[in-house]
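Analysis of the macromolecular model
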Amino acid sequence: MINIDLHCHSNVSDGVLSPTDVVARAAVNGVHALALTDHDDVAGLAAACVAAGAAGLTLISGVEISVTWSGQTVHIVGLRIDPAHPELAAGLQGIRLGRIERAQYMSADLARSGITGAYEGANAYAVNKEMVGRTHFARWLVAQGHAPDMRSAFRRFLTRGNPGYVEHEWTTLENAVRWIRASGGLAVIAHPGRYAFKAHELHRLLDAFRTLGGEGIEVITGSHHPSEYGKFADLARAFGLKASRGADFHAPGEGIDIGRLPALPHYCQPVWQDWPELEPYFSLSPG
Ligand code: AMP
Ligand code: MN
Ligand code: MN
Ligand code: MN
């Protein structure tokens, strides 16, 4: 069967492996096509593409854009984007500039709870200094003994109502979808099960996203419990969205590994169904 993983991170954002090592790991795990989708940056795609050529797998150019919609953070994955597209590149640059300032506020907030030096600490974990984010803070907090693991770090800190959390205005849903589409890509709502929306708000999001030209939604992701797969497969169908599959891999030993996910439910229309670069693999898929 064809193994496609359309969501993962390198150390260009908050993953721990280099883009080259992410691709090598995907190859070892039997992935045929991989999208590297770093947060708000495309700087890893060139190296990943070279590595994919050497490893004999197909690299899909991707990105995961941070958006604020209805007062909450929503992530939009762009697939088959052109990373050199000026509007997309400028938009992502703007988001990254906001991250540095936010990190300073996060650090100041942690300091009010007696945890000092977090900005410097988190930065030491960020290979790409423009991309410093909550994961880097969480890694530092765990290393400092403030939390036993990443999960607890996000439960105790960095989340709404807890030390280290600051409200931040990302870009709009409209911008993210427009940049992705302008660069020739396809927009996908990442891990819909992670948002704290009520059902009617989630439906409004899907509706707005569809109206803006968004085309897909993640159904199988490392962020969904298996009991949620059916719900999001049904929502995809109800809202006329294609289904995507991606581990959201960040680091070995953290969450689901690259390509180690169940297949999409058979009644889903995969986002990749008409991608010419994947045609050679389609014979692998039964039916
Ligand atoms: P940021 O974009 O800087 O706000 O960071 C968001 C990232 O934090 C996500 O992409 C995840 O990698 C990570 N994250 C958020 N919540 C959690 C959680 N509960 N456990 C582990 N990682 C999380
Ligand atoms: Mn992340
Ligand atoms: Mn995400
Ligand atoms: Mn992600």
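This text gives an overview of the structure that appears in the document. As the structure is a computational prediction, the values presented were derived from the model and not from experiment. (Residues numbered from 1 in each chain as written. Chains lettered and ligands numbered in written order. Predicted model: local features only at pLDDT ≥ 70, side-chain atom pairs only at ≥ 80, totals over all residues. Heavy atoms only, no water.)

What to know about the packing of aromatic side chains
Inspection of the entire model under this criterion finds 2 aromatic pairs. When the centroid spacing of 5.5 Å and the interplanar angle of 80° are considered together, the rings of Trp69 and Phe197 count as edge-to-face. Placement of the pair is Trp69 in strand β3 (residues 58-69) and Phe197 in the loop between β5 (186-189) and α8 (199-211), with a sequence separation of 128 residues. Using a relative accessible area of 12% as the deciding quantity, one classes Trp69 as buried. Residue class for Phe197 comes out buried when judged on its relative accessible area of 12%. Ring-pair connections join several aromatic residues into one group, and the members of that group are Trp69, Tyr195 and Phe197. (Phe/Tyr/Trp six-rings, centres within 6.5 Å; stacked < 30°, edge-to-face > 60°. Helix = DSSP H or I, 4+ residues; strand = E, 2+ residues; numbered from the N terminus. Buried < 20%, exposed > 50% of the residue type's maximum accessible area, 1.4 Å probe, protein only.)

Examining the side chain of Glu64
Summarising the element assignment, Glu64 is placed in strand β3. If near-sequence neighbours (up to four positions away) are discounted, Glu64 is found in contact with His7, His9, Thr37, Asp38, His39, Asp40, His75, Ile76, Val77, Ala190, His191 and Asp248. (Contact = heavy atoms within 4.5 Å.)

Some words on the pairing of strand β6 (residues 216-221)
Taking burial as the measure, the 6 residues of β6 include 6 buried ones, the bulk of the element. Sheet topology places β5 next to β6; 2 bridges connect them, and they run parallel. When the sheet's bridge partners are listed, Ile189 is paired in β6 with Ile217. With 5 bridges joining them, β6 and strand β7 (residues 242-246) adopt parallel strand pairing. Bridge pairing links Thr221 to Gly246 in β7. Taken together, β6, helix α9 (residues 229-238) and β7 constitute a β-α-β crossover, and its handedness is right-handed. (Pairing = 2+ DSSP bridges. Right-handed = clockwise from strand over helix to strand, strands pointing away.)

Brief notes about the nonpolar core
Core analysis: the biggest nonpolar cluster contains 72 residues, and Leu6, Leu34, Ile65, Ile76, Leu79, Val219 and Trp275 have the highest contact counts within it. Top contributing element to this core by residue count: β3, with 6 residues. Not counting chain neighbours up to four residues away, the residues in contact with Ile76 comprise Val63, Glu64, Ile65, Val67, Leu173, Ala176, Ile180, Ala187, Val188, Ile189 and Phe209. By size, the runner-up hydrophobic cluster in this structure holds 19 residues, among which are Ile115, Phe137, Leu141 and Met150. (Core = buried A, V, L, I, M, F, W, Y, C linked by side-chain atoms within 4.5 Å.)

Looking at the coordination of the manganese ion (ligand 3)
The coordination sphere of the manganese ion (ligand 3) contains the protein donors Glu64 (OE), His75 (ND1) and His191 (NE2), at a distance range of 2.0 to 2.2 Å. In the primary structure, the donors to the manganese ion (ligand 3) are separated according to the pattern E-x10-H-x115-H. Between the two metals, the manganese ion (ligand 3) and the manganese ion (ligand 2), the spacing is 5.4 Å. Residue Glu64 is located in strand β3, and its partner His191 is located in the loop between β5 and α8; the two are separated by 127 residues in the primary sequence. Both residues of the pair, Glu64 and His191, belong to the buried class. (Donors = N, O, S within 2.8 Å, 3.2 Å for Na, K, Ca; no water.)

A word on the pattern of salt bridges
Scanning the model with the defined rule gives 11 salt bridges in all. Arg96 serves as the salt-bridge partner of Asp41, at 3.4 Å between the closest nitrogen and oxygen. With a gap of 55 residues between them, Asp41 in the loop between β2 (33-36) and α2 (45-55) and Arg96 in helix α3 (residues 86-112) connect regions that are remote in the sequence. By relative accessible area, Asp41 is classed as buried at 6%. We classify Arg96 as buried; its relative accessible area is 8%. With its nearest N and O atoms 3.4 Å apart, the salt bridge here joins Arg112 to Asp109. Here Arg112 and its partner Asp109 are both found in helix α3, 3 residues apart, which amounts to about one turn of the helix. Since its relative accessible area comes to 65%, Arg112 is described here as exposed. Each of the salt bridges in this network shares a partner with another, and the network as a whole consists of Asp41, Arg96 and Glu130. (Salt bridge = Lys/Arg side-chain N within 4 Å of Asp/Glu carboxyl O.)

Distances and angles like these do not, on their own, reveal function.
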